[in-house]
Amino acid sequence: MKSALFLGVVLLLPAFLVANPEQCTLNDILSLTSLMKSMASTILSQATLECTDISARGADVSCPEDYTPFSCSCGMGCGSWDIRSKTACHCQCGGIDWTSAHCCRITVK
């Protein structure tokens, strides 16, 4: 999504500058802003956020393919955890009996 928005700016900005390279008016900037908002709205209207919770015994749990962990939970009252390799939750306390990950992905309709 971000890359599509960036690509839009990269492709459209030169068109504004070629039209009148000496002047870039406030109206030009407002037109570009309006166009960018419209493009972002179109892209975001087609996107959905899918989430799932995964649990496993022990100190580590991995998210399914194409999902990213957004938060983790640990058993034994442990509040120390980290996300490793952008795909897994790891509880840092010793003797953890379970670990849970809240995993999400963005999909396009």
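Located above this text is the structure these notes cover.
Thresholds applied
Each chain has its residues counted from 1, following the order in which its sequence is written. In keeping with the predicted nature of the model, local features appear solely for residues at pLDDT of at least 70, side-chain atom pairs appear and are counted solely at 80 or more, and the whole-chain, interface and lining totals rest on all residues. Side-chain metrics rest on all non-hydrogen atoms present in the structure, leaving aside hydrogens and water. Criterion for a disulfide: a pair of cysteine sulfur atoms within 2.5 Å. Labels follow the DSSP assignment, with helices taken as runs of H or I lasting at least four residues and strands as runs of E lasting at least two, numbered in each case from the N terminus. When accessible area is computed with a 1.4 Å probe and restricted to protein chains, residues below 20% of their type maximum are described as buried, those above 50% as exposed, and intermediate ones as partly exposed. Contacts between residues were defined by any pair of non-hydrogen atoms, one from each residue, lying within 4.5 Å.

Chemist: Would you mind showing me how to read the state of the cysteines here?
Modeler: Among covalent bonds in proteins, the disulfide is the one between the sulfur atoms of two cysteines. Throughout the structure, instances matching the rule amount to 5 disulfides. Here Cys 51 engages in a disulfide with Cys 104; their sulfurs sit 2.1 Å apart. The disulfide joining Cys 51 to Cys 104 has a torsion of about 110° about its S-S bond and is therefore right-handed. Residue Cys 51 is found in strand E1 (residues 47-57), and its partner Cys 104 is found in strand E6 (residues 98-108); the two are separated by 53 residues along the sequence. Its relative accessible area of 38% is what places Cys 51 among the partly exposed residues. Judged by relative accessible area, which is 5%, Cys 104 ranks as buried.

Chemist: Any chance you could explain the side chain of Ser 100 here in plain terms?
Modeler: Within the secondary structure layout, Ser 100 lies in strand E6. Taking relative accessible area as the criterion, Ser 100 reaches 14% and is therefore assigned buried. Those residues in contact with Ser 100, other than ones at most four positions away along the chain, are Ile 54, Ser 55, Val 61, Ser 71, Cys 72, Ser 73 and Cys 89.

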